[in-house]
Every structure is written in C-alpha cells, then in structure tokens.
Amino acid sequence: MASNATKSISGSFSSAIGNGMSSLINPSDKTYYILEHCVTSKFHQMGEAQRIILDNIEIGRDPRCQVRFDEDFKTVSRRHAAIVRDGDNWKLVQISKTNSTLLNGRRIDTEWYLQNGDEIQISVNGPKLRFIIPDGNNSRMGTINFTQRFNLFAQQALKPYKYGLIAVGACLVLAIAAIVYLTLFVNNVANDVKDQQQMLAEAIEDNQNNAEVVDSLARQLATMNASLVNINDVAQRALRTAHRAADNGTPAPSAFAALSKDVYYIVVTFYYQGTKVLSCSGTGFLLDDGRFVTAKHCIDFSYIHEQDLDDNLAVLINSAHNYQSNDVEYKLQGISGNGDYIEYSYTPQQWPWVTGNTEYTVGTVDITDESGEVISFPIKYSESTVGDDDWAYIILGRSGGLAYDAEWSSNLSIGTELHILGFPRNVGTEELMTTNRVSPNYVSSKVSQNGLYNGIIMLASDPVDHGNSGGPVFAQRNGKLYVVGIISGKERLGFRNGNANYDAQWRSRVVPISALADFCDL
C-alpha cells in the first residue's frame, strides 16, 4: 500500500461510454486490471477474476455499480467505494459516509494508491477483493480480443445505465444498418468500376495505333483495379467484424437453463453384502450421442480420496475390487435440472463403464486370504491420477444431450471464457430436501494457457468445489455452447512428502473431452 492520493473522482453515463468506447477503438495504449472476488455473492463467484477496462468504476449495492454486491451484504453501502485511474496508477476512493473501506487491513479515510496484490475489504467483516495487475504486456487492453472487450464494455459501461443502454442499443442498430448500407453501396460502386474497366479495355483496343492514348487509358485502368481491391477489402473487414461481434457474445441465462436438463446431480452408493457402506455425490452429464459422462473417481471408489477413507474401509474396497467380490454392488442415482431421473446398478464383475486406463499407485494394503496367505494389493487415489485419465462413461442411449467439440477442447486459446455447471458441496441434496428439485450452480473461468498442459486444460482461477467433479465445462463458438471438458476435481500444487501436509494452494483440474476420443468414436 503506497501513499494516499488527492485527485477527485467523477462518474457519469457519458464518461463511462466515452471511456469504454476508447477501450474498444484504441486499446493499444490502455491497460486494465483484475478484481479477484474472495467471497461468493449473488452476482459473483469466489475466485472469479473480473477484468476492469474502465478508468472509473464504483463498488457497492447500487445497480449502477460495476462491481455489485447483493442485499445480503448489509454493511456494504449502495455506493461504497470507487477505483479510478490517476495517470499510470490506480487509486481506491472512499465514497460511503457510514461504512468504512479497508486496504490490507487498514482503514482509508479518503483515498489511497493501489499496488499489485492489495486486498480491498468493503466494510469491516465485509466482502474482500484482490487487486491484480497482469504481468508485463499482459496488462495491455490490446491483449483482449475485440469480442471480449465489447462484452466487458457492455457489462461495465452499458448495463449499469439502463436508459443509456437503450440509446446505445439504438446506435448499434443504426451502426449495423450502416454496415448493411455500406455493403450494398460498395457492391454498387464495384459494379460501376467493373463497367468502367470494360469501357477502358474497349477504348484501348480501339486506339492500338495511338501509343499515347493507350498509355493514358492503361494507367486509368490500373488505378481502377487498385480501387476495386481496396473497396472489397474494406467491405470484407467490416462484415467480418460485425459477424464476430454477433457470434461470440456472452451467453444469455436462458442458454444455461436449457443446458441444465442434461446436467445431473448424482449419488453413487457402495454396498457390501447388501449393507450401505459409503455414498458420495457429484455431477454427470448426457452427451448428444447417448453417452452419460462423469469423472472416474465418482463411480469407482477404489480411486476415492484417501482422506475420506479409514484404513479398514480402504482395505475393504480395494480387496473387494481386486477379488471382484460378489458381495459388492454400486448404485448410481441421478436427477437432472428438469427432473429426469436415472438409476443404474453395477458390480466389479460386470463393470459397464469405459474409463481412462492409467493407474497411479501410491501404496499397498495387505490382505490375508482364507488359507492364511498374505497378498499385497495396490491402493489408487483419484487425487494422484494425473493428466487426462479421470473420466468415465456408460451408454444410456437416451435422446437429446449436450453438443461437444473434441478437437477444439485440445486447442483452446488463452483467454477463452469457460462456463461450468455442477453441484458443489451437496447442493443437490439440499435442494431435493427443501424444494424436491435440483438446478446446477454456475461458475466461470478462463483458459490460462494455449492448448493442454500435462493433458489437462489450465484455468486462470480456481472456481470449483467438491461435488463439481464430473460436471461439464462449456465454451461458446458462433453463439452456441459446446462441452469441451470434464471437471476432475481439485488438486494440490505441490508434492507428497511421506504423510506430511501438501502445499495449501489448489488448482481446478479439467479433463478435455478429447480424452475420450482415444477410446471411443467422438
């Protein structure tokens, strides 16, 4: 936290629009920053990285605030604080007269310059935000493609001002109409130029014996050819820009409501000799080819997290699987967002799932058989499964399902926005008990690295929680959402050291849908 600032703030619809338009049209010299949300609210998920492209934004409960908290946050004022640009720096400004704002735990009276990594707290015991400036040139607005800048412009400059949004919407309609008119105009001009070219060519032929006239006409023809190329180039660039903006907007809420009918809250129960021993919940989803997909560790308890099993239960499960005991039965039960119900039972001897094949052994258990012989069996844990192996599917043969793109999932570009549906922390159980229905939770993140890293899709944040495992990850192209990944849970960043604790940092693990392509026809 650096010295306090002095410059006053001002905010209005016109300044927001002007500043936002500058980010759209001339992004090369402008920078942006990220506000990482440290709590979940109605409008933002914990871990969400909100990119801010405006020079002046407000934080509070008022609908006009670019960073908005819901009414459950009683100590957050309607217009609580602001972040404004001051030259090459950013500063936090106190607006509220009743509730304080803290920066790295210290209360600010008026305003203070922000440093990369600073923690902003909106009132004592209120929600926290992390102020982040991307490294180096990554903070340049030009690193964000036009479509994403337009989406951010709409969210931050247009959405807080409803009446202004109507006016700008009218302007956009006029702009699109202008593009259509421009295209028609260019086509007419191009046709005129072609007619002139034909006339000149005929004139050249008629004056072959007059070298001076032929030379003059040839120069005119060359000029017209160049003009035609330029006109066509301008028209094509304008149309490509318009089409990209129309095809890659932010998905509407209704789009996710439609998808939820194929996203299932699942509970898998392990029975031994007819007695329920253990059950776990997660997420699964139906593809449009009739396959029901989830994470491998959700349906095979020999891959369950070791911290969830005591030694006796680990021995029971692993020995039952290795012996393919008749005493073991699994039952999968699931319900989707529109109430579609599935139930499927299976045993180690009649295993219906197609799964990733790699096994990663982290230890053994000793089993004494009936003759007294001690046999060692491997113990495998899901959080030790690396790469793209934590997936499973069965053939249900149901109609409908989600569209997917296997090839694209292995080649996602950095910055691609990802949309995740699932049932974290048994939210499905709570909904069933209280409302007799389920609806998946939504979180989002972005791709942090081109392509795959060790077989997985790298995320820029850690948005998922236990229970999201097995859920679908979507990306949008040409206005349509496609499944590109499967949530494989969370992994610790660090390495095992005997039984010592892991590094405390976590990373959400996403298996690309292309991982299934090696085992089935996708």
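Just above, that's the structure.
Notes on the structure in this doc start here. (Residues numbered from 1 in each chain as written. Predicted model: local features only at pLDDT ≥ 70, side-chain atom pairs only at ≥ 80, totals over all residues. Heavy atoms only, no water.)

Counting 29 residues, the largest nonpolar core has Leu35, Ile57, Ile83 and Ile120 as its most contacted members. When contributions to this core are tallied by element, the ones reaching two or more residues are β1 (33–37), β3 (56–60), β5 (81–86), β6 (89–94), β10 (119–122), β11 (128–132) and α2 (146–158). The contacts of isoleucine 57, once residues within four sequence positions are left out, are Tyr33, Leu35, Ile52, Gln66, Val67, Ala81, Ala82 and Ile83. Counting 24 residues, the second largest nonpolar core, distinct from the first, contains Phe256, Phe285, Ala406 and Val483. (Core = buried A, V, L, I, M, F, W, Y, C linked by side-chain atoms within 4.5 Å. Buried < 20%, exposed > 50% of the residue type's maximum accessible area, 1.4 Å probe, protein only. Helix = DSSP H or I, 4+ residues; strand = E, 2+ residues; numbered from the N terminus. Contact = heavy atoms within 4.5 Å.)

On to the side chain of serine 336. Mapped onto the fold, serine 336 is located in strand β15 (residues 328–336). What makes serine 336 buried here is its relative accessible area of 1%. A polar atom in the side chain of serine 336 sits 3.1 Å from the backbone oxygen of lysine 261. Ignoring anything within four residues of it in the chain, the contact list for serine 336 reads Ser260, Lys261, Val263, Tyr264 and Val438. (Polar contact = N/O pair within 3.5 Å; in protein donor to acceptor, adjacent residues only side chain to side chain.)

We describe a pair of aromatic rings using the distance from one ring centre to the other and the angle between the two ring planes. Applying the stated criterion to the full structure yields eleven aromatic pairs. Taken together, a centroid distance of 5.9 Å and an interplanar angle of 75° make the contact between tyrosine 346 and tryptophan 353 edge-to-face. We note that tyrosine 346, like tryptophan 353, is buried. Ring geometry for tryptophan 391 and tyrosine 393: centres 6.2 Å apart, planes at 10°, overall stacked. In textbook terms, an aromatic cluster arises when at least three aromatic residues are bridged by ring pairs, as seen for Phe270, Tyr330, Tyr346, Trp351 and Trp353. Looking at arginine 291, its charged tip hangs above the ring of tyrosine 393, at a distance of 5.1 Å from the centre. (Phe/Tyr/Trp six-rings, centres within 6.5 Å; stacked < 30°, edge-to-face > 60°. Lys NZ or Arg CZ within 6 Å of the ring centre and 35° of its normal.)

Our focus in this paragraph is the pattern of salt bridges. One pass over the structure, following the stated rule, counts 14 salt bridges. For lysine 30, the salt bridge identified is with aspartate 55, shortest N-O distance 3.6 Å. Here aspartate 55 lies in the loop between β2 (49–52) and β3 and lysine 30 lies in the loop between α1 (13–25) and β1, a separation of 25 residues in the sequence. Its relative accessible area of 11% is what places lysine 30 among the buried residues. Two residues, aspartate 289 and arginine 291, come together in a salt bridge whose shortest N-O distance is 2.5 Å. Aspartate 289 gets classed as partly exposed once you look at its relative accessible area, which sits at 31%. When its relative accessible area of 12% is taken as the criterion, arginine 291 is described as buried. Here the salt bridges do not stand alone but share partners, grouping Lys30, Asp55 and Arg85 into one network. (Salt bridge = Lys/Arg side-chain N within 4 Å of Asp/Glu carboxyl O.)

What follows concerns the sheet that holds strand β14 (residues 291–294). Strand order in this open sheet of seven strands is β16-β15-β12-β13-β14-β20-β17, and the pairing throughout is antiparallel. With one partner strand each, in any of the chains shown, β16 (341–346) and β17 (354–355) form the two edges of the open sheet. Note: β14 against strand β20 (residues 392–395), four bridges, orientation antiparallel. For valine 293, the partnering residue across the bridge sits in β20 and is tyrosine 393. (Pairing = 2+ DSSP bridges.)

The values are spatial; any link to function lies outside them.
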